[in-house]
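Observations on the three-dimensional arrangement
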Amino acid sequence: MKKLIIFAFIGLLAQLIDGALGMAYGVTSSSLLLAFGIAPAVASASVHLAEVVTTAASGVSHVKFGNVDKQTVYRLIIPGSIGAFLGATFLSNIPGNLAKPYVSLFLLLLGVYVLIRFLFKFRPSEEKKGISLSRKQSIPLGLIAGFADATGGGGWGPIATPVLLSKKGMSPRKVVGTVDTSEFAIAVSATLGFLISLGWEQVNWLWVGALMIGGIIAAPIAAWLVQKIHAQLMGVLVGGFIILVNARTLVTTWIDNAVLYPYVYIGIALIWIAAIVYTITKITNYKTVNQLDINP
């Protein structure tokens, strides 16, 4: 019973992060499950199945709070689903570790760009109400992000979110909500491919159920937070998280001395915290000036 409560908490924490920042359900939940000694294959099966329900709950919540660009969801789900199914069915046995650090490097650079843009170049007047993603752009993005999600144990949010946010004038709230909502179709496709490849025997349904319950509880809370957090602060939070997540892959792949790992993470975290404090101060000052202008 204690283990089921822990799994429910893991599901809640993972969905809270994913629903608020548009990524990292798979990374967070898998990492925490492995930390509790769960075998990698069982952890992967449990997370993928739980995602089917948690992404549905997250999508409904984001739609309810007006965080979704429906046209972009429709354009992403077909190529994303195809990429996820192909990745899970045919390429699950090919080691993704070879390409993973280079993908992480690209995403880290995108994260740096997103952080700098929202930290120094954000203009509320330039923020668009929708997401300007053409069909030609959505097909490669959906295929690559869906493929990476299935073969790399998570990749839909980490790839789709920064790519969309890197476009000028994108609303962080709409991007996060749209990516989270479209992830339901990707989770279903990846799960089907996963079950065809490995079968049902890897699944512990009690663990999956606990993860689902935690995720369902967190989904509306995360969607509400996305609506309430200021767009500039949201962009800084997402950008910093992208950097932190991908730095972990690069550090563990390219730095042999494990003693240095904590120093790298602490350094990134301190810069991220400083950026958050600076952004909050900037937003507060902006609101104060506006209030003074309105009430002279």
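What counts and what doesn't
- Residues numbered from 1 in each chain as written.
- Predicted model: local features only at pLDDT ≥ 70, side-chain atom pairs only at ≥ 80, totals over all residues.
- Heavy atoms only, no water.
- Helix = DSSP H or I, 4+ residues; strand = E, 2+ residues; numbered from the N terminus.
- Buried < 20%, exposed > 50% of the residue type's maximum accessible area, 1.4 Å probe, protein only.
- Contact = heavy atoms within 4.5 Å.
- Areas by Shrake-Rupley, 256 points an atom, 1.4 Å probe, with all protein chains shown as cover.
- Phe/Tyr/Trp six-rings, centres within 6.5 Å; stacked < 30°, edge-to-face > 60°.
- Patch = residues over 30% accessible without salt bridge, like charges linked within 9 Å, V, L, I, M, F, W, Y side chains within 5 Å.
- Salt bridge = Lys/Arg side-chain N within 4 Å of Asp/Glu carboxyl O.
- Lys, Arg positive; Asp, Glu negative; His and termini not counted.
- Axes fitted to C-alpha atoms, helices over the stretch in contact; angles between N-to-C directions.
- Parallel < 35°, antiparallel > 145°, perpendicular 65-115°, else oblique.
- Nonpolar A, V, L, I, M, F, W, Y, C, P; charged D, E, K, R; others polar.
- Core = buried A, V, L, I, M, F, W, Y, C linked by side-chain atoms within 4.5 Å.

1. Looking at the overall build of the protein
The secondary structure content of the protein amounts to eleven helices and zero strands. In the protein, which comprises 296 residues, the proportion classed as buried is 48%. Taking as baseline every contact in the protein between residues at least 6 positions apart, the subset at least 24 positions apart corresponds to 84%. Carbon and sulfur atoms provide 71% of the accessible area of the protein, an area that totals close to 14300 Å².

2. Focus: the packing of aromatic side chains
Overall, the coordinates contain three aromatic pairs when judged by the stated rule. Where F7 meets W207, the ring centres are 5.2 Å apart and the plane angle is 70 degrees; that geometry is what we call edge-to-face. Taken together, the positions of F7 in helix α1 (residues 2-21) and W207 in helix α9 (residues 205-228) put the pair 200 residues apart, joining distant regions of the chain. Exposure class is identical for F7 and W207. Each is buried.

3. A closer look at a nonpolar patch on the surface
Judged by side-chain polarity, I78, I82, L86, F90, I139, L143 and I144 come together as a nonpolar surface patch covering roughly 670 Å² of accessible area. Contributing elements (two or more residues each) for the nonpolar patch: α4 (70-90) and α6 (135-152). For the nonpolar patch, the element with the highest residue contribution is α4, accounting for four residues. Looking at the secondary structure, you find I78 in helix α4. On the accessibility criterion, I78 (58% relative accessible area) is exposed.

4. Regarding the side chain of D180
Along the polypeptide, D180 turns up in helix α8 (residues 172-198). For the buried residue D180, which engages in no salt bridge, the nearest side chain bearing the opposite charge is R173, 13 Å off. In this view, D180 contacts Q15, D18, G19, G22, T55, S58 and H62; residues no more than four positions away in its chain are not counted.

5. Observations concerning the packing of α1 against helix α10 (residues 231-254)
Contact geometry for α1 and α10: axes closest at 10 Å, N-to-C directions at 120 degrees. Looking at the two axes, α1 sits oblique to α10. Across the interface between the two elements, I17, A20 and L21 of α1 pack against M234, L237, V238 and F241 of α10. Residues that form the contact of α1 with α10 fall into these classes: seven nonpolar, no polar and no charged.

6. Here's the deal with the nonpolar core
Residues L164, V175, V236 and V238 are the most contacted members of the largest nonpolar core, which totals 48 residues. Contributing elements (two or more residues each) for this core: α4, α5 (100-120), α6, α7 (156-165), α8, α10 and α11 (261-294). Of the residues forming this core, the biggest block, eleven residues, is contributed by α10. What V238 contacts, discounting residues up to four positions off in sequence, is L21, M23, T161, L165 and V176. Counting residues in hydrophobic clusters, the runner-up holds 18 residues, among them F7, I10, Y25 and A43.

7. As for the environment of F241
Among the structural elements, F241 can be located in helix α10. Residue F241 is classed as buried on the basis of its relative accessible area of 12%. C-alpha separation for the pair F241 and L115, spaced 126 residues apart in sequence, amounts to 9.5 Å.

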